[in-house]
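In case you want the letters, here they are:
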Amino acid sequence: MSDLLTLRRPDDWHLHLRDGAAMQAVLPHTAQRFARAVIMPNLKPPVTTTTLAREYRDRIRAAVPQGLRFEPLMTLYLTDNMPTAEIDRAREAGFVVGCKLYPAGATTHSDAGVTDVARIDAVLERMAEVGLVLQVHGEVTHEAVDVFDREQRFIDDVLAPLVARHPTLRVVFEHITTRAAVEFVRGARAGVGATITPQHLLYNRNEIFRGGIRPHYYCLPILKTEDDRHALLEAATSGDPRFFLGTDSAPHARHTKENACGCAGMYSAHAGIELYALAFERAGALARLPAFAADFGADFYGLPRNEDTITLQRRPWTPPASYDFGTDRIVPMFAGESLNWSLVS
Ligand code: DOR
Ligand code: ZN
């Protein structure tokens, strides 16, 4: 087995960069590995307009370390009140690739999200017309629905009808976590894809409770069963172009995770390709990593594939206990544990 793996430079099709000093701290990790990333708009306040997206993009571009090239692909945060004219402005701007649907209350900074998708039907129709992609956080939010069932219920109650109502809208079902989601995407019409995170490929829900409660394994959608994890691994390593890389790296300051009410999100940008290499290698499918990481997402978004490459080497390394995060610290995935692939260049 070769000790070097050179692949087309990948892109991250789902990333939280935050803003200010926090963004400055985490952006280098992504920019060292990925050429482009789809930047989530769930800031406080959310990125709801093209003007806000332009300003945020400028701040990101200004923070890219010297010597690295990185292109932020911006998204707008959908609300009940988004005017259709905003979709036209986003399209004209050129740097906005899509709009993110957060069901109100589903996750971090989603309180301004959409309360009922029926309210945004006109906006979705305009998005389909101008070719913007809908990125979906696929969980229902009713208190009565078990947290482990929220994705499946969303498919039946919201996503399947939405995809049928808007037959030309391109939809990315973000960070899928269940066998049901894999099956939905496989059976869906053309123009429906999904991103898969490293944590949902590497862990099942036992990890949250292994020997005690472990807040660094808490993310949304929450980790699911071993059967779900197998379905995701099978989808990611199958060579099916509808499934592609999106880390959902979501940094939170250490004290906000190690807390009586800890935030949802796992930080993975420091090893954003290495973690997938581990998962694919364990599945005996390393040869399928390059297309999943670097081809299928670009093709789905209708963007050119990158032309340069990165190289990974089979050399163990251990992510530190924490990284700098502005005035705080963040605890990364695999902190203090050994990873088998290292980024060379
Ligand atoms: O775990 C999560 N963290 N899931 C999300 O949907 C949002 C994200 C965040 O922004 O922290
Ligand atoms: Zn996310």
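Report follows, based on the coordinates. Quick caveat: nothing in here was measured; it's all calculated off a predicted structure. (Residues numbered from 1 in each chain as written. Chains lettered and ligands numbered in written order. Predicted model: local features only at pLDDT ≥ 70, side-chain atom pairs only at ≥ 80, totals over all residues. Heavy atoms only, no water.)

## With respect to the side chain of Glu274
- Looking at the element boundaries, Glu274 is found in helix H10 (residues 274–282).
- At a separation of 2.9 Å, a polar atom in the side chain of Glu274 contacts the side chain of Arg33.
- Among the polar contacts made by the side chain of Glu274, one reaches the main-chain amide nitrogen of Gly272 at a distance of 3.4 Å.
- Sequence-distant contacts of Glu274, that is, excluding residues within four places in its chain, are made with Arg33, Leu312, Trp317, Trp341, Ser342 and Leu343. (Helix = DSSP H or I, 4+ residues; strand = E, 2+ residues; numbered from the N terminus. Polar contact = N/O pair within 3.5 Å; in protein donor to acceptor, adjacent residues only side chain to side chain. Contact = heavy atoms within 4.5 Å.)

## Some points on the pattern of salt bridges
- Under the criterion given, the structure shown has 24 salt bridges.
- Among the salt bridges present, the one from Arg9 reaches Asp308, with a minimum N-O distance of 2.7 Å. Placement of the pair is Arg9 in the loop between strand S1 (4–8) and strand S2 (12–15) and Asp308 in the loop between helix H11 (289–301) and strand S10 (309–317), with a sequence separation of 299 residues.
- For the salt bridge of Arg59 with Asp19, the shortest nitrogen-to-oxygen distance reads 2.7 Å. With Arg59 in helix H2 (residues 50–63) and Asp19 in the loop between S2 and helix H1 (20–33), the pair connects residues that are 40 residues apart, well separated along the chain. (Salt bridge = Lys/Arg side-chain N within 4 Å of Asp/Glu carboxyl O.)

## Description of the coordination of the zinc ion (ligand 2)
- Every protein donor of the zinc ion (ligand 2) is listed here as His14 (NE2), His16 (NE2) and Asp248 (OD), and their distances to the metal cover 2.1 Å.
- The motif formed by the donor residues of the zinc ion (ligand 2), counted along the single chain, is H-x1-H-x231-D.
- We classify His14 as buried; its relative accessible area is 1%. (Donors = N, O, S within 2.8 Å, 3.2 Å for Na, K, Ca; no water. Buried < 20%, exposed > 50% of the residue type's maximum accessible area, 1.4 Å probe, protein only.)

## As for the sheet that holds strand S8 (residues 192–196)
- In spatial order, the strands read S2-S3-S4-S5-S6-S7-S8-S9; together these 8 strands make up an open sheet with parallel pairing. Lying at the two open borders of the sheet, with one neighbouring strand each, are S2 and strand S9 (243–245). Within this sheet the neighbouring strands show an average axis-to-axis angle of 30°, counted without direction.
- As paired elements, S8 and S9 share 3 bridges and run parallel to each other. Across the sheet, residue Ile196 finds its bridge partner in S9, namely Leu245.
- Relative to strand S4 (residues 71–77), H2 is tilted by about 150°, and along the sheet it contacts strand S3 (36–39), S4 and strand S5 (96–101).
- The sheet contacts of helix H5 (residues 150–165) involve S5, strand S6 (133–136), strand S7 (171–173) and S8, and relative to S7 the element is tilted by about 175°. (Pairing = 2+ DSSP bridges. Axes fitted to C-alpha atoms, helices over the stretch in contact; angles between N-to-C directions.)

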